[in-house]
Structures are given as C-alpha cells and as structure tokens.
Amino acid sequence: MKPRQRNYQPGHRRDPNRKFNGRKEIDALYDKQWEAYRLKFLAINRECYACGKAAEVVDHLKPHKGSILLFKQTDNHIPLCIKCHNTVTTKFDRHYREGNPITDKILWLNRNRIPTESWTPKRVKVMPSYG
C-alpha cells in the first residue's frame, strides 16, 4: 500500500472554491421533473395537511433518505406549510432511520389537525403518477 503524503488533503479541501456536498445524490432528485410534479401536487392539495394554511412544500411522509423509489412514491407525499414542514423535519425526519416506524410523525400531524370555524381537515389527493 502506498504511504499517504503528509500534506494530503481531500479533493474538496485542495480547491478553496470547491465545497463538499454530502447530499449530492439527494439534491439531484430535486430536478425539473420534481418541480413540475410539485407544482401540480400543490395545485390540487392547496392546504397544509396539519394546520390548513396555504401548502408550500411537498413533504415525504416517510423520509426517503436518497431512495429513488420512496422519493417517487406518490402516496408518500403530503402538502405542508413551511412552518409545519420545518417542525416535522426537525422533530422526526432528521432522526429517522430505515425501518423505524413513522407513527410519531403521523400522530403529531394528526394532533395539529384541529378543525376551526373557517377550516376543516381534508384528505390528501394522491397524484396518479410521478413525472
């Protein structure tokens, strides 16, 4: 085995303008096809699933963590406002590991679905296909 040089630096450290992106594969999933799907999904699911405000984000109910099949699974998408999305991402999605149940996330979302005089919770309309 070749000995490592003393001044060895990983590729992203050699070039000061190049930044390391550990999410490169995940970021690549959010392409033009996803943007078109997202706009269609939010057009038919206008309200946040949890609170009823205007939906701005298509959340993956079960975090995909880079899985293409789970990313494109249409019954895994749920409309959320930014506040609810950021809350569930912080509370549940960041700590999710493959095989763990998502019951805590679902319970939290459903607990926040309190009907008011001006809003009643609606079912999520699933798109027939991704893309």
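An account of the accompanying structure is given in this report. Residue positions are given per chain, counting from 1 as you read along its sequence in written order. pLDDT decides what is reported in this predicted model: residues at 70 or higher carry local features, side-chain atom pairs at 80 or more are listed and counted, and totals for whole chains, interfaces and linings draw on all residues regardless. Water and hydrogen atoms were dropped before computing side-chain values, which therefore reflect all heavy atoms in the structure.

Concerning the environment of Lys 62
And then number 1: Put simply, DSSP marks the helices as runs of H or I at least four residues long and the strands as runs of E at least two long, and each gets a number from the N terminus on. Of note, Lys 62 is situated in the loop between strand 1 (57-60) and helix 4 (68-72).
And then number 2: The partly exposed category is assigned to Lys 62, whose relative accessible area is 27%.
And then number 3: For the pair Lys 62 and Asn 76, spaced 14 residues apart in sequence, the C-alpha to C-alpha distance is 6.4 Å.
And then number 4: Filtering out sequence-adjacent residues up to four positions away, Lys 62 remains in contact with Leu 70, Asn 76, Tyr 96, Glu 98 and Ile 102. The classification of residues rests on relative accessible area computed with a 1.4 Å probe and restricted to protein chains. Under 20% of the type maximum is buried, over 50% is exposed, and intermediate values are partly exposed. The contact criterion used throughout is that any non-hydrogen atoms of two residues lie within 4.5 Å.

A few points about the packing of aromatic side chains
And then number 1: Centres within 6.5 Å make a pair out of two Phe, Tyr or Trp rings, where for Trp the six-membered ring is used; the pair is then stacked when the planes are under 30 degrees apart, edge-to-face when over 60, and tilted otherwise. Summed over all chains, the structure comprises five aromatic pairs.
And then number 2: Centroid distance Tyr 30 to Phe 71: 5.0 Å. Interplanar angle 90°. Geometry classified as edge-to-face. Here Tyr 30 is found in the loop between helix 2 (24-29) and helix 3 (32-44), whereas its partner Phe 71 is found in helix 4, with 41 residues between them in sequence.
And then number 3: We classify Tyr 30 as partly exposed; its relative accessible area is 38%.
And then number 4: By relative accessible area, Phe 71 is classed as buried at 0%.

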